[in-house]
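Working through the structure, step by step
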Amino acid sequence: MSNTIKILLVDDHAVVRAGFRMLLSISGNVEVVAEAERGEQAIQRYHESQPDLVVMDLSMPGIGGLEAIRRIVARDANARILVYSIYHEQVYVRRALEAGAQGYITKNMAPNLLMTAIESIMHGKSYAEPGLLTSAEAPCGNVEHQAIVDGFSPREFDIFRLLAQGLTVAKISDHLCLGNKTIANYATQIKKKLHVQTTTELAHIAVNLNILNN
């Protein structure tokens, strides 16, 4: 391992990326060598820059963070990925780790934990912000609904979450850069799998499973 840790930073908000670079500037052995604002771009930048570690947001336009993690790991089994997300709910932690991430921290964590997480992963260890793994192992909500949601593809999960938040098909289409018909078809499939008819029922399920806060 070289003295300088090369980072690929993936987040769709320029302000967040700037704040991240500021946090890292405290350490003299970390360098952001590439940035991306979409999952598709992250995959391309990963292969162009060959970073030591990827810091990945989950909620982004396009394929999103979870699918980007899957595709990067599928091409490079040695990829090191740290999720840096606003989400602390158990389902996000579990899905990120299952996709191939080695670590998970939230954006409201103590600043010193960022370097702790990076250094742990660089030394071959996994890392989760204190309390996250414990909550990720705890049972929640309706068991049947949990099993169905666990079986969602990354795209289905993203659309389920956005529908539950109250976004319209048109807004989800804009957010994910997909056609209205595609989103509508996904919405129909999701409701059918969960045996519901309305987005209000989807929101209720999401709250019960701790995917959304009350």
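One structure accompanies this document, and this report is about it. (Residues numbered from 1 in each chain as written. Predicted model: local features only at pLDDT ≥ 70, side-chain atom pairs only at ≥ 80, totals over all residues. Heavy atoms only, no water.)

Counted by the stated rule, this structure contains 10 salt bridges. Via salt bridges that share partners, Asp11, Asp57 and Lys107 belong to a single interconnected network. (Salt bridge = Lys/Arg side-chain N within 4 Å of Asp/Glu carboxyl O.)

On to the side chain of Ser49, then. Within the fold, Ser49 resides in helix α2 (residues 39-49). Exposure remark for Ser49: the relative accessible area of 19% places this residue in the buried category. For Ser49, the side chain forms a polar contact with the main-chain oxygen of Arg45, separated by 2.7 Å. Excluding its chain neighbours within four sequence positions, the residues that come into contact with Ser49 are Lys6, Val33 and Ala34. (Helix = DSSP H or I, 4+ residues; strand = E, 2+ residues; numbered from the N terminus. Buried < 20%, exposed > 50% of the residue type's maximum accessible area, 1.4 Å probe, protein only. Polar contact = N/O pair within 3.5 Å; in protein donor to acceptor, adjacent residues only side chain to side chain. Contact = heavy atoms within 4.5 Å.)

Moving on to helix α7 (residues 143-150). Taken residue by residue, α7 has Gln146, Ile148 and Val149 as its buried positions. The buried residues of α7 all sit within an arc of 165° when viewed along its axis, so they share a single face. Away from the buried face of α7 by more than 90 degrees, exposed residues Val143, Glu144 and Ala147 are located. Next to the buried residues of α7 lie α4 (90-99), α8 (154-164) and α10 (180-194). (Arc of directions from axis to C-beta.)

Here we come to the pairing of strand β1 (residues 5-10). When you tally the buried positions in β1, you get 5 out of 6 residues, the bulk of the element. In this region the chain leaves β1, passes through helix α1 (residues 14-24) and returns to the parallel neighbour strand β2 (residues 30-36); the handedness of that crossover is right-handed. As judged from the 4 bridges shared by β1 and strand β3 (residues 53-56), these two strands associate in the parallel manner. Across the sheet, residue Leu8 finds its bridge partner in β3, namely Val54. (Right-handed = clockwise from strand over helix to strand, strands pointing away. Pairing = 2+ DSSP bridges.)

By the secondary structure assignment, Ser153 is in the loop between α7 and α8. Measuring from C-alpha to C-alpha, the distance between Ser153 and Asn78 comes to 23 Å, with 75 residues separating the pair along the chain.

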